[in-house]
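Remarks on the overall topology
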Amino acid sequence: MPGGRIETDETPEECVAREITEETQWPVTTGPILDSWIYYINQVEKHVFIVTYGCYPDTDAEPVLSHEHKGVGLFREDEIAGLNMPDGYKRSVMTWFAQLRAAENVQRG
C-alpha cells in the first residue's frame, strides 16, 4: 500500500495524495478516513500509527510500479482477503468498497 510520513508543511490529506502520486504516478483526490490502528513492524521493532483514507483516482492510467514496492495491481473486492498485507489494510479496503457501493446505491435510488 502506498504511504509514508507526513511533512511539517502539509495536511494529512495532502500527505496521502502526495505519497500515492510519488509511489504510483497516480494523482488522487483524498476522500474520507476509513480506519486507524497501531501496527508493529518487526523488522525495525517499531510501532507505527496507521491512518487509512479512501481516495479517488484523477486519471484513467494504470498505476506505475515504484522502486519502493515489489508489485502493483488493481484488485476486485473478492480478491482482497487473499492478498499478502496486514489485516488492518484489508479491513480498510473492504470498508472503502462498502462506502463506494453505498454511495452508488444512493445515486441510483
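See the structure shown above.
Residues numbered from 1 in each chain as written. Predicted model: local features only at pLDDT ≥ 70, side-chain atom pairs only at ≥ 80, totals over all residues. Heavy atoms only, no water.

**Remarks on the nonpolar core**
A general trend in soluble globular proteins is that nonpolar side chains are found buried together. The line we're drawing: Nonpolar cores are built from buried Ala, Val, Leu, Ile, Met, Phe, Trp, Tyr and Cys residues. Side-chain atoms within 4.5 Å join them into one set. Residue burial is assigned from relative accessible area. The probe radius is 1.4 Å, only protein chains are included, and a residue is buried under 20% of its type maximum, exposed over 50%, and partly exposed in between. The way it works is that DSSP assigns letters per residue, a run of H or I at least four long becomes a helix, a run of E at least two long becomes a strand, and they are numbered from the N terminus. We call two residues contacting when some pair of their heavy atoms lies within 4.5 Å.
Of all hydrophobic cores here, the largest spans 7 residues; its members are V16, A17, I20, W26, V28, Y53 and C55. Counting only elements with at least two residues in this core, the list comes to helix 1 (12-24) and strand 2 (46-57). Considering every element that reaches this core, the biggest residue donor is helix 1, with 3 residues. V16 has contacts with T30, Y53 and C55, leaving out every residue within four places of it along the chain. Of all hydrophobic cores here, the second largest spans 6 residues; its members include I80, M85, Y89 and V93.

**Comments concerning the environment of R76**
The line we're drawing: Distance and chemistry together define a polar contact, namely a pair of N or O atoms within 3.5 Å, with one atom able to donate a hydrogen and the other to accept it when in protein, and with adjacent residues in sequence counting only for side-chain atoms on both sides.
Tracing the sequence through the fold places R76 in the loop between strand 2 and helix 2 (87-108). Among the polar contacts listed, one links the side chain of R76 to the side chain of D78, at a separation of 3.1 Å.

**Concerning a nonpolar patch on the surface**
Test applied: Note on patches: the residues involved have over 30% relative accessible area and no salt bridge, like charges join within 9 Å, and the nonpolar side chains Val, Leu, Ile, Met, Phe, Trp and Tyr join within 5 Å. Reported accessibility uses the Shrake-Rupley method at a 1.4 Å probe radius. Residues are deemed covered only where the shown protein chains occlude them. The salt bridge criterion pairs a side-chain nitrogen of Lys or Arg with a carboxyl oxygen of Asp or Glu, the two atoms within 4 Å.
On the surface, I33, I38, F49 and V51 cluster together into a nonpolar patch covering about 390 Å² of accessible area. When residues of the nonpolar patch are traced back to their parent elements, those giving at least two are strand 1 (28-41) and strand 2. Locating V51 in the fold gives a position in strand 2.

**Quick notes on the pattern of salt bridges**
Under the counting rule described, the total for this entry stands at 8 salt bridges. When the shortest N-O distance is used, the salt bridge between R18 and E10 registers 2.6 Å. Across the pair, exposure class does not vary: R18 and E10 are buried alike. Notably, a salt bridge pairs R18 with E22, separated by 3.3 Å at the nearest N-O pair. In this pair, R18 and E22 are both assigned in helix 1, 4 residues apart and thus about one turn of the helix distant.

**A closer look at helix 1**
Quick note on the threshold: The span one expects for a helix is its residue count, reduced by one, times 1.5 Å.
In this model helix 1 runs 18 Å from its N-terminal to its C-terminal C-alpha over 13 residues, within 8% of the 18 Å that 1.5 Å per residue would give. Buried residues in helix 1 make contact with strand 1 and strand 2.

**Topic: unusual backbone geometry**
Phi at Q25 takes a positive value of approximately 65°, unusual for a residue other than glycine. On the secondary structure map, Q25 appears in the loop between helix 1 and strand 1.

**Looking at the state of the cysteines**
As a reminder of what qualifies: A pair of sulfur atoms, both from cysteines and within 2.5 Å, is called a disulfide here.
Applying the stated rule across the entire model yields 0 disulfides. No disulfide involves C55; its sulfur sits 11 Å from the nearest other cysteine sulfur, which is in C15. You can call C55 buried: its relative accessible area is 17%.

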